[in-house]
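Chain by chain, the residues:
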Amino acid sequence: MISTLHTRTYRGADGAPAPRLAYGADYNPEQWPREVWEEDVRLMREAGVNIVSLGIFSWARIQPGPDTWDFAWLDEVMDLLHEHGVGVDLATATASPPPWLTTAHPEILPVTERGETLWPGARQHWRPTSPVFREHALRLVRKLATRYAEHPALVAWHVNNELGCHNVYDYSDDAARAFRDWLRARYGTTDALNHAWGTAFWSQRYGDWEEILPPRLAASHPNPTQQLDFKRFSSDALKDYLRAERDLLRELTPDVPVTTNFMVMPGTKGMNYADWAGEVDFVANDHYVVPHPQARDELSFSANLTSGIAGGKPWFLMEHSTSAVNWQPVNLAKLPGDMARDSLTHVAHGADAVCFFQWRQSAAGAEKYHSAMVPHAGADSDLFRSVTALGDTLKTLAPVAGSEREPAEVGILFDWESRWASEQDSHPTSLLDYHQEALDWYSALLNLGIRADVVTTGADLSRHRVLIAPVLHLVPAELAKDLTRWAEQGGHLVTTYFSGVVDENDHVWLGGYPGALRDLLGIRVEEFGPLPAGQSVELDDDGTGSLWTDHVTVTAPETEVLVRYRTGAHAGRPAVTRRGAGSGSAAYVSTRLGADGLAALLPRLLEPAGVTSELPARARGRVEATVRRGPGGRFLFLVNRTDETVTVPGIAGEVLVGTTDDEGAVVLAGRAVAVLRTPTD
Ligand code: GLA
């Protein structure tokens, strides 16, 4: 469907569809006087902008009262954009309900677990399960879709905005009712629910559906399966809302692709995007760099995971920032080169669009200090010049549009249910960070110059020779069978501490950990050994473990011990093991090694699969290599991860972006990106 978007967005001089990468931003013209719009479209042309997301927070402007509508301004903006060759990803404008609606219907406002109302005054103050909200929102969607169905600027629909950004967990009475319906559909009977939730514990047995509540603030730890189901339900409730808008749009404008912007980035956990991806015509994502020692690895990881969610198909970077944001404790400006490197890293991982929040930096409102394509300083600024330069680079990369990711030999499994379940309360440690563990494995592979695909559960395992599944905590019987079959047929599984421990109901697999994966791994753990913050243990390969240790016993003759604990409660016992399974293997890492420790261990773990770096030795660790492949060729993206110049010799191909030296080696200045094309067979 993203190809539909390309063809609607752009036709070449001969009128035939011509691929190109989309470039643009959220555009909020309602914040500016009319004369600024003229300057906007002129500057958009200068910058190479060919798409904007329009109307995201325009509900109050479009519908100033229950029965008053004002489309004149929007008609004018749509026409103006079209005249200037800018396509519109038109928002359904439902993200921020107007004051007249919340005044008339305060029962649409979300409620926290403590019973506090989230009042209007910011945005996204609506309950995902409110029938009243839905009725008003769909009325607006119908009006918009009917009015703009045939508008030539319309290239896609943008449902709501960042669904769940502020309202994913709502504990209101509407939510309670919808939660009960969801549970009824899942379990059928209260007996089945009582079993799944383990309600024999602490006298929690339910005799009637009406007795069940969301996990509101309780005297102690709420029931863990209730918590897990509430997470599943909350993700499903928003997905259901997304479907409601989408179905209406498909009915009214069947040829216009529908998307919504996901937030695959750290800290956003509530929406199971792997599960949502099938609901949209193309995947779109928002990503912001967060302050973190592995910040750029994290950007690459999120882009890579978005590609996994999109099934390796091209996707749309709907928002990122040209420079600083406004919502961190200290909002750092980007260094020269960072904006282009960030954008092109997303393209390297499959983005066919590079868009920002937002086009023009606001003069008022909570986001006035958030960067934009046109800063407060105006077009005569280094920032706008770098925006224009990036527009030129994206034009050069037009042949990349539509290409898919070339599968890597190594996959990293990112499992939403394990993420939710492993980080719940009343566990052996509250210090476990699922995302960080996955990111550490990713950084370790980047440090070794080895390409990896981040994939989600249900992805085709046969594409990968090695699958790293960090903290694969929640393992239903079927998943254990699939992994076992895949390993026996030649796959090499690597998993870690706290994996295989519970089933889909968050019930422990009995008989010793790692439960569902015990036989495959050929080990048994009788007791967990989490470590206090700041405490570590030494390993006999000179590595250091933290966070977690296990009392590992080898149970299969073919299980090898690769590394042992040298210190701590398990000194002398296995820390890292590997069992040959059929023509593959299954390895277990029982402690947290961090990115550096994993980089030291990984060559041994990858050895049976024969996986090594494709990069020349001097570029390994300093350059990230990513490959896209499509009708236009095979595209190798080389991203300089460092601030220093890196020279990469021996790379064949036509240089689309970047420079070479006299010997033909690719020369990457600090933070620079090169793109080389070779023909596909
Ligand atoms: C989100 C929203 C935007 C804006 C940006 C700021 O991504 O979708 O409206 O608030 O954050 O970073």
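Note that residues are indexed from 1 along each chain, following the sequence as it is written. pLDDT decides what is reported in this predicted model: residues at 70 or higher carry local features, side-chain atom pairs at 80 or more are listed and counted, and totals for whole chains, interfaces and linings draw on all residues regardless. Each side-chain value is derived from all of the structure's non-hydrogen atoms; neither hydrogens nor water enter the calculation.

Chemist: Looking at this structure, I do not really get empty space enclosed by the protein. What am I missing?
Modeler: If a probe the size of a water molecule is rolled over the atoms, the empty space left behind becomes visible. The way it works is a 1 Å grid over only the protein atoms, where trapped points that fit a 1.4 Å probe form a cavity and open points with protein on both sides within 12 Å along at least five of seven lines form a pocket, and then any residue with an atom within 4 Å of a point lines it. Grid points are joined across faces, edges and corners, and a volume is the space filled by probe spheres set on the points. Under the defined criterion, the tally for this structure stands at 4 cavities of 30 Å³ or more. Space inside the largest cavity adds up to approximately 170 Å³. In this structure, the largest cavity is lined by 19 residues; those nearest its centre are Arg-451, Ala-452, Glu-624, Ala-625 and Thr-626. Of all elements in the fold, only α15 (434–447), β12 (452–456) and β22 (623–630) reach the threshold of two or more residues within the lining of the largest cavity. The helix and strand labels rest on DSSP assignments: H or I over at least four residues marks a helix, E over at least two residues marks a strand, and numbering proceeds from the N terminus. Tallying contributions element by element places β22 first for the lining of the largest cavity, with 5 residues. Counted by class, the lining of the largest cavity contains 10 nonpolar, 4 polar and 5 charged residues. Approximately 50 Å³ is the volume found for the second largest cavity. Surrounding the second largest cavity, Met-263, Val-264, Met-265, Thr-268, Phe-301, Ser-302, Leu-305, Phe-414, Trp-416, Arg-419 and His-435 form its lining. Taken together, the elements giving at least two residues each to the lining of the second largest cavity come down to α11 (295–309) and α14 (416–422). Considering each element in turn, the lining of the second largest cavity owes the most residues, 3 residues, to α11. In this classification, Asp, Glu, Lys and Arg are treated as charged, Ala, Val, Leu, Ile, Met, Phe, Trp, Tyr, Cys and Pro as nonpolar, and every other residue, Gly included, as polar.

Chemist: Sorry, what's going on with the sheet that holds strand β11 (residues 410–414) here?
Modeler: Sheet strands pair via backbone hydrogen bonds, and the direction of the pair is either parallel or antiparallel. Within the open sheet, the 7 strands sit side by side as β12-β11-β13-β14-β21-β20-β19. Their pairing is mixed. The open sheet is flanked by β12 and β19 (559–564), the only strands paired with a single partner. Taken pair by pair, the neighbouring strands of this sheet meet at an average axis angle of 20 degrees, ignoring direction. Where α11 meets the sheet, it contacts β11 and β12, and its direction lies at approximately 55 degrees from that of β12. In what follows, a contact means two residues having at least one pair of non-hydrogen atoms within 4.5 Å. The axes used here are C-alpha line fits, helices contributing only the stretch in contact, and every angle between their N-to-C directions lies in the interval 0 to 180 degrees. Strands in contact with α15 are β11, β12, β13 (466–469), β14 (492–496) and β21 (584–589); relative to β11, the strand with the most contacts, it is inclined by about 170 degrees. Between any two strands, at least two bridges found by DSSP are needed for them to pair.

Chemist: Help me understand the state of the cysteines in this model?
Modeler: Any two cysteine sulfur atoms lying within 2.5 Å of each other are counted as a disulfide. All told, the structure shown has 0 disulfides when counted by the stated rule. Cys-165 takes part in no disulfide bond, and the closest cysteine sulfur to it belongs to Cys-355, at a distance of 18 Å.

Chemist: Honestly, the packing of helix α6 (residues 131–148) against helix α9 (residues 224–252) in this entry has me stumped. Any pointers?
Modeler: When two helices pack together, their arrangement is given by the angle between the helix axes and the distance between those axes. Closest axis-to-axis distance for the α6/α9 pair is 10 Å, and the angle between their directions is 30 degrees. What the angle tells us is that α6 and α9 run roughly parallel. Crossing handedness for the pair α6 and α9: right-handed. Counting all contacts with α6, which are made through Phe-133, Arg-134, Ala-137, Leu-138, Val-141, Arg-142, Ala-145 and Thr-146, the residues of α9 involved are Asp-240, Tyr-241, Ala-244, Glu-245, Leu-248, Leu-249, Glu-251 and Leu-252. Put simply, angles under 35 degrees are roughly parallel, angles over 145 are roughly antiparallel, angles from 65 to 115 are roughly perpendicular, and the rest are oblique. By convention, the crossing between two helices is left-handed when the near helix turns anticlockwise from the far helix through less than a right angle, and right-handed when the turn is clockwise.

Chemist: How do you make sense of the layout of surface pockets when you look at a structure like this?
Modeler: Taken as a whole, the largest pocket holds about 1100 Å³ of empty space. Lining of the largest pocket is provided by 46 residues; of these, Phe-57, Ala-122, Arg-123, His-166 and Glu-367 occupy positions nearest its centre. Of all elements in the fold, only α3 (59–62) and α5 (99–104) reach the threshold of two or more residues within the lining of the largest pocket. At 3 residues, the largest contribution of residues to the lining of the largest pocket is made by α3.

Chemist: What exactly am I supposed to notice about the pattern of salt bridges here?
Modeler: Think of it this way: side chains of opposite charge can pair up when their charged atoms draw near. We define a salt bridge as a contact between a side-chain nitrogen of Lys or Arg and a carboxyl oxygen of Asp or Glu at a distance within 4 Å. Applying the stated criterion across every chain yields a total of 53 salt bridges. The partner of Arg-34 in a salt bridge is Glu-38, and the shortest N-O contact between them spans 3.0 Å. Within this pair, Arg-34 and its partner Glu-38 are both found in helix α2 (residues 34–47), separated by 4 residues, close to a single helical turn. Only protein chains enter the accessibility calculation, which uses a 1.4 Å probe; a residue is then buried when its area is under 20% of its type maximum, exposed when over 50%, and partly exposed in between. Overall, Arg-34 belongs to the partly exposed group, its relative accessible area being 32%. Judged by its relative accessible area of 38%, Glu-38 is partly exposed. Here Glu-210 and Arg-184 are joined by a salt bridge, their closest N and O atoms 3.9 Å apart. A residue pair is termed long-range when its members are at least 10 positions apart, and Glu-210 in the loop between α8 (190–197) and α9 and Arg-184 in helix α7 (residues 173–187) qualify at 26 residues. Using a relative accessible area of 53% as the deciding quantity, one classes Glu-210 as exposed. Three or more residues are tied together by salt bridges with common partners; here these are Arg-296, Lys-334, Asp-338, Arg-341, Asp-342, Asp-643 and Arg-671.

Chemist: Where do I start with the environment of Asp-40 in this structure?
Modeler: Mapped onto the elements, Asp-40 comes out in helix α2. For Asp-40, a relative accessible area of 0% puts it in the buried group. Placed 11 residues apart in sequence, Asp-40 and Pro-29 show a C-alpha to C-alpha distance of 8.8 Å. Here Asp-40 is in contact with Tyr-27, Trp-359 and Arg-360, once residues within four sequence places are set aside.

Chemist: Looking at this model, I keep getting lost on the site of the ligand. Mind explaining?
Modeler: When at least one non-hydrogen atom of a residue lies within 4 Å of a molecule or strand, that residue is treated as near it. With respect to spatial proximity, the complete set of residues near the ligand consists of Phe-57, Arg-123, Asn-161, Glu-162, Asp-286, Tyr-288, Glu-319, Trp-327, Phe-357, Glu-367 and His-370. Definition of a polar contact: a pair of N or O atoms within 3.5 Å, with one able to donate and the other able to accept a hydrogen when the atoms are protein atoms, and with sequence-neighbouring residues admitted only if both atoms are side-chain atoms. Between the ligand and Glu-162 there is a distance of 2.5 Å, counted from an oxygen atom to a side-chain nitrogen or oxygen. Here an oxygen atom of the ligand sits 2.7 Å away from a polar atom, N or O, in the side chain of His-370. Where accessible areas are quoted, they stem from the Shrake-Rupley method and a 1.4 Å probe; at the residue level, only the protein chains shown are allowed to cover. Computed on the free molecule, the ligand has an accessible area of 300 Å², of which 97% lies beneath the protein chains in the complex. When each cavity is represented as a set of grid points, the ligand is found to reside in the largest pocket. By definition, a pocket or cavity contains a molecule when more than half of the molecule's atoms lie within 2 Å of the pocket's grid points.

Chemist: Whenever I open this one, helix α16 (residues 477–488) confuses me. Can you help?
Modeler: Given 3.6 residues to a turn, an α-helix orients residues that are three or four positions apart in the same direction. For a helix, the expected span equals 1.5 Å multiplied by the number of residues minus one. Here α16 is 12 residues long and its end C-alpha atoms lie 17 Å apart, about the 16 Å a rise of 1.5 Å per residue gives. Of the residues making up α16, those classed as buried are Leu-479, Ala-480, Leu-483, Trp-486 and Ala-487. Looking straight down α16, one finds that the buried residues subtend no more than 135 degrees of arc, so they occupy a single side. Contacts from the buried residues of α16 go to β13, β14, α17 (518–521), β20 (574–581) and β21. An arc is given here, and it is the one of the directions from the helix axis to the C-beta atoms.

Chemist: I would appreciate a short explanation of the domain arrangement of the protein chain in the present structure.
Modeler: Where interface size is quoted, it is often the accessible area lost as the parts come together. What fixes the domain bounds is an automatic or database domain assignment. By domain assignment, the protein chain separates into domain 1 (2–170 + 235–403), domain 2 (410–609) and domain 3 (621–678). Opposite the 23 residues of domain 1 that make contact, domain 3 presents 18 residues. Buried area is a sum: the accessible area each of two parts loses on coming together, probed at 1.4 Å, counted once for each and added. Summing both sides of the interface, domain 1 and domain 3 together bury roughly 1600 Å²; the carbon and sulfur share of this comes to 60%. Per-residue buried area on domain 1 facing domain 3 is highest for Arg-341, Ala-348 and Ser-403; these three make up 35% of the total on that side. Linking domain 1 with domain 3 are 3 salt bridges. The partner of Arg-628 in a salt bridge is Asp-352, with the nearest N and O atoms 2.7 Å apart. Put simply, domain 1 and domain 3 have 9 residue pairs in polar contact (both at pLDDT 80 or more) between them. Those elements giving two or more residues to the side of domain 1 that touches domain 3 turn out to be α11, α12 (338–348), β9 (351–356) and α13 (382–396). When residues in the side of domain 1 that touches domain 3 are grouped by element, the largest group, 6 residues, is from α12. The residue inventory of the side of domain 1 that touches domain 3, partitioned by class, reads 10 nonpolar, 9 polar and 4 charged.

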